[in-house]
Amino acid sequence: MTHPAAAIDDRRSPAAQPRTLVEVAGVTKAFGSGPGSVVALAAVSLSIFENEFFTLLGPSGCGKTTLLRLVAGFEHPSAGVIRLDGRDLTELPPHRRPVNTVFQSYALFPHMSVAENVAFGLERLGKPRAEITARVRHVLSLVKLEAMADRRPAQLSGGQQQRVALARALAPAPRLLLLDEPLSALDQKLRREMQGELKRLQRETGVTFVLVTHDQEEALAMSDRIAVMSTGRVLQIGGPAEIYDRPATRFVADFIGEANLLPGELVGRPGGTVAIRPERVQLVRAGEAGAAEGLPGTVTTMTFLGSDVLYEVTLAGGTAIKARLRDAAPGVEAGSAVVARWAKEAERPVAEDTAGPRP
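Q: Would you mind going over the pairing of strand S8 (residues 208–213) with me for this structure?
A: The side chains of a regular strand alternate between both faces of the sheet. Among the 6 residues that make up S8, 6 are buried, leaving the element largely enclosed by the rest of the structure. With 5 bridges connecting them, strand S7 (residues 176–180) and S8 associate as parallel partners. Directly across from Leu177, in S8, lies its bridge partner Phe209. Between S7 and its parallel partner S8, the chain crosses via helix H5 (residues 188–205), and the hand of that crossover is right-handed.

Q: Teacher, can you tell me more about the packing of aromatic side chains here?
A: Two measures describe an aromatic ring pair: the distance that separates the ring centres and the angle between the ring planes. Enumeration according to the criterion identifies 4 aromatic pairs in this entry. Ring geometry for Phe53 and Phe209: centres 5.6 Å apart, planes at 55°, overall tilted. Taken as a pair, Phe53 in strand S3 (residues 53–57) and Phe209 in strand S8 lie far apart in primary sequence, 156 residues in all. Grouping residues by exposure puts Phe53 and Phe209 together as buried. Between Phe109 and Phe120 the ring centres are 4.7 Å apart and the planes differ by 55°, which places this aromatic pair in the tilted class. Here Phe120 lies in helix H2 (residues 114–124) and Phe109 lies in the loop between strand S6 (99–102) and H2, a separation of 11 residues in the sequence.

Q: Is there a simple way to explain the environment of Ala329 in this structure?
A: Within the secondary structure, Ala329 is located in the loop between strand S16 (320–325) and strand S17 (337–341). As a C-alpha pair, Ala329 and Leu283 span 46 residues in sequence and 7.0 Å in three-dimensional space.

Q: Looking at this structure, how should I read the pattern of salt bridges?
A: Oppositely charged side chains can pair when the atoms bearing their charge come close. Under the criterion given, the structure shown has 23 salt bridges. Between Arg69 and Glu75 there is a salt bridge; the shortest N-O distance is 3.4 Å. On the basis of relative accessible area, Arg69 is assigned to the partly exposed category, the value being 32%. With a closest N to O distance of 3.9 Å, Arg250 and Glu352 form a salt bridge. Highlighted residues: Arg250 in helix H8 (residues 250–255) and Glu352 in the segment after strand S18 (348–350), separated in sequence by 102 residues. Given the relative accessible area of 30%, Arg250 is considered partly exposed. Residue Glu352 is classed as partly exposed on the basis of its relative accessible area, which comes to 46%. Linked through salt bridges whose partners overlap, the residues forming this network are Glu258, Asp308, Lys322, Arg324 and Arg326.

Each value, and the rule that gives it
- Note on numbering: residues in each chain are counted from 1, in written sequence order.
- Local features in a predicted model are, by the rule used here, given only for residues with pLDDT of at least 70; side-chain atom pairs are given and counted only at 80 or more, and totals for whole chains, interfaces and linings are based on all residues.
- Side-chain descriptors were evaluated using all non-hydrogen atoms of the structure, hydrogens and water having been removed beforehand.
- A 1.4 Å probe rolled over the protein chains alone gives each residue an accessible area, and that area as a share of the maximum for its type sets the label: buried under 20%, exposed over 50%, partly exposed in between.
- Here a helix means four or more residues in a row that DSSP labels H or I, a strand means two or more in a row labelled E, and each is numbered from the N terminus.
- The pairing criterion for strands is at least two bridges between them, as found by DSSP.
- Here a crossover is taken to be right-handed if, once the strands point away from the viewer, the path from the first strand over the helix to the second is traced clockwise.
- A pair of aromatic rings is counted whenever rings of Phe, Tyr or Trp (Trp by its six-membered ring) have centres within 6.5 Å, and the orientation is called stacked for planes under 30 degrees apart, edge-to-face for over 60 and tilted otherwise.
- By definition here, a salt bridge exists when the distance from a side-chain nitrogen of Lys or Arg to a carboxyl oxygen of Asp or Glu is within 4 Å.

Dropping the structure here:
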């Protein structure tokens, strides 16, 4: 994965004072009771700002979908409170929350047209027909499907069905839109196109989006802020560049993209662990000018990745590291003796993960 920081703009001015829309305070969720219970979330606290694209990112089983379902009202917390606009949502049923959800499966009604699918929620709210017609037309224009209003879902591509699901969720103008891995069923090219569409929709509508995903590149490309989760806990919250360039723990460094995790002693920082991104590592052939400064090793594999070349190097002593270069290093191939080096500022001290297993 290439370094994403250059592709990410700073979407939030440092001087801005974001307003908190959603507050999750000390939320715990346990399934079952007694010795066989499973704690899916353990005292999670975080804030989601108004008009931001916020992502819950982590591996399967980390608790991100459980947290999304708690915010939606499909699950009830075992402890803690969830507030929206300062209002406690804990006892409020899903249909009374100003929140909509887009699921992985899209859940479109196959017997209804696109326009009828989008109008469904508005009709259930008892909106006047003229208002429904105008609103359907507006949201279909947002997702660029005005010309397909009369088609059935089966006549649409996967990406078009995804847009219908988004239009239906946006039609009632929710305060919060929850996205449960909505792009997982799409191929890679279409996923990237839809990432851009989701970002555009969030900006144009001003609705706060909360995305659940296990896809690191997706989170880095789309989000204003990311909460990285593991074993039912939030390990770090920050902007994409911050999460990538300054990971707080070994887990975050290793889960977000690729990282060389080296003992501090190896890089001249006694104690602890240091993370170094592969694209910050340079390779020089042994014996060339500048090779005296660095760590000697041998290239074990060289993999062409299209825009980059990935080298795996075994250092003297057996430690393996990766170097990701924009162009192939001259004369460096599998079996070559090299020296690996990097700038001091490329080293990021990271904490050991203390979350441990779920209680």
